[in-house]
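Remarks on the overall topology
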Amino acid sequence: MSWRELMALNKSLVYSEKGESMTRLLYAFLIAFFVIGLDQASKAWILYDLMNPPAVIPVLPFLDIVLTWNKGVGFGLLQAHTLWGSLGLIGMALAISIILGIWLWRTTDKLLLVSLSMIIGGAIGNIIDRLRFGAVVDFIYVHVYILGYHFPAFNVADSAITVGVCLLLIESYVREKK
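The structure presented is a predicted model; accordingly, all values stated were derived computationally and were not measured.

**Quick notes on the overall build of the protein chain**
For the protein chain, the helix and strand inventory stands at 5 helices and 3 strands. Of the regular secondary structure in the protein chain, the N- to C-terminal order runs α-α-β-β-α-α-β-α. Expressed as a percentage of the 178 residues in the protein chain, the buried residues total 38%. Taking the intrachain contacts of the protein chain between residues at least 6 apart in sequence as the baseline, contacts between residues at least 24 apart amount to 65%. Split by element, the accessible area of the protein chain, about 10800 Å² in all, is 72% carbon and sulfur.

**Here we look at the pattern of salt bridges**
All chains considered together, the criterion is met by 2 salt bridges. In this structure, the salt-bridge partner of Lys43 is Asp129, at a minimum N-O distance of 2.7 Å. Taken together, the residues Lys43 in helix H2 (residues 21–50) and Asp129 in helix H4 (residues 110–133) connect sequence positions 86 residues apart. For the pair formed by Lys43 and Asp129, the shared burial category is buried. Several salt bridges share partner residues, and in doing so they unite Asp39, Lys43 and Asp129 into one network.

**Regarding the environment of Met92**
The residue Met92 is located in helix H3 (residues 83–106) in this model. Under the relative-accessibility criterion, Met92 is labelled partly exposed at 36%.

**A word on helix H5 (residues 156–177)**
Taking 1.5 Å per residue, 22 residues should reach 32 Å; H5 reaches 32 Å between its end C-alpha atoms and fits that length. Along H5, the positions that sit buried rather than exposed are Val156, Ala157, Asp158, Ala160, Gly164, Leu168, Glu171 and Val174. Structurally, the start of H5 carries an N-cap: the backbone nitrogen of Ala157 is 2.9 Å from a side-chain oxygen of Asn155.

**Focus: H4**
Helix length check: H4, at 24 residues, gives a terminal C-alpha distance of 34 Å against a target of 34 Å (1.5 Å per residue), a fit within 8%. Summarising burial for H4: 17 of the 24 residues are buried, a large majority. Taken from the residues just after H4, Gly134 is the one with a positive phi, measuring 80°.

**A few points about the nonpolar core**
Where a protein is soluble and globular, its nonpolar side chains tend to be buried together. Judged by nonpolar contacts, Ile46, Leu47, Met51, Leu63, Ile65, Val137, Phe139, Ile140, Val142 and Val156 together constitute the single largest core of 10 residues. Where this core is concerned, the elements lending two or more residues are H2, strand E2 (63–70) and strand E3 (136–142). For this core, the element with the most residues is E3, which contributes 4 residues. Those residues in contact with Val142 that sit more than four places away from it in its chain are Phe62, Leu63, Phe151 and Phe154. With 9 residues, the next largest nonpolar core counts Ala28, Leu104, Leu112 and Ile119 among its residues.

The rules behind these values
- Residues numbered from 1 in each chain as written.
- Predicted model: local features only at pLDDT ≥ 70, side-chain atom pairs only at ≥ 80, totals over all residues.
- Heavy atoms only, no water.
- Helix = DSSP H or I, 4+ residues; strand = E, 2+ residues; numbered from the N terminus.
- Buried < 20%, exposed > 50% of the residue type's maximum accessible area, 1.4 Å probe, protein only.
- Contact = heavy atoms within 4.5 Å.
- Areas by Shrake-Rupley, 256 points an atom, 1.4 Å probe, with all protein chains shown as cover.
- Salt bridge = Lys/Arg side-chain N within 4 Å of Asp/Glu carboxyl O.
- Expected span 1.5 Å × (residues − 1).
- Polar contact = N/O pair within 3.5 Å; in protein donor to acceptor, adjacent residues only side chain to side chain.
- Core = buried A, V, L, I, M, F, W, Y, C linked by side-chain atoms within 4.5 Å.

Below, the structure is given as structure tokens:
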């Protein structure tokens, strides 16, 4: 698909009438709720079924299912080993989610709506873990080494955030091309 076709598709998906704003917000809510539900269901399955007792389960030569607890943010950065650190990360994630929610409320662009909904849903999924466990449950481990570095374990919420950010970058590039 060319950029011209992508821009035309993006333009055709924009809502223009006021009456459709509630439908647009309903879509945003459903996307975020789907991400949260899938994230929490997968973590429950990992915690209470598959990893009981904990083990390393090879899936592919480069992919394992493991159980890890992430007390930091993406890729284990900003580790929070105290209650105040955890509360700070929760507060930061909530503040970012609120700001993205305001942006979502104001947008009429469907690609932007999907990307922001995915990011918000992923952030809320990880906030739920921090509130329940004091850390985020990670379980997907891709052990592909690039220049001696490998990706830390991650989860469905992290994947939704990553895909949402990629869509946001694409949307911003398409908007610049207009």
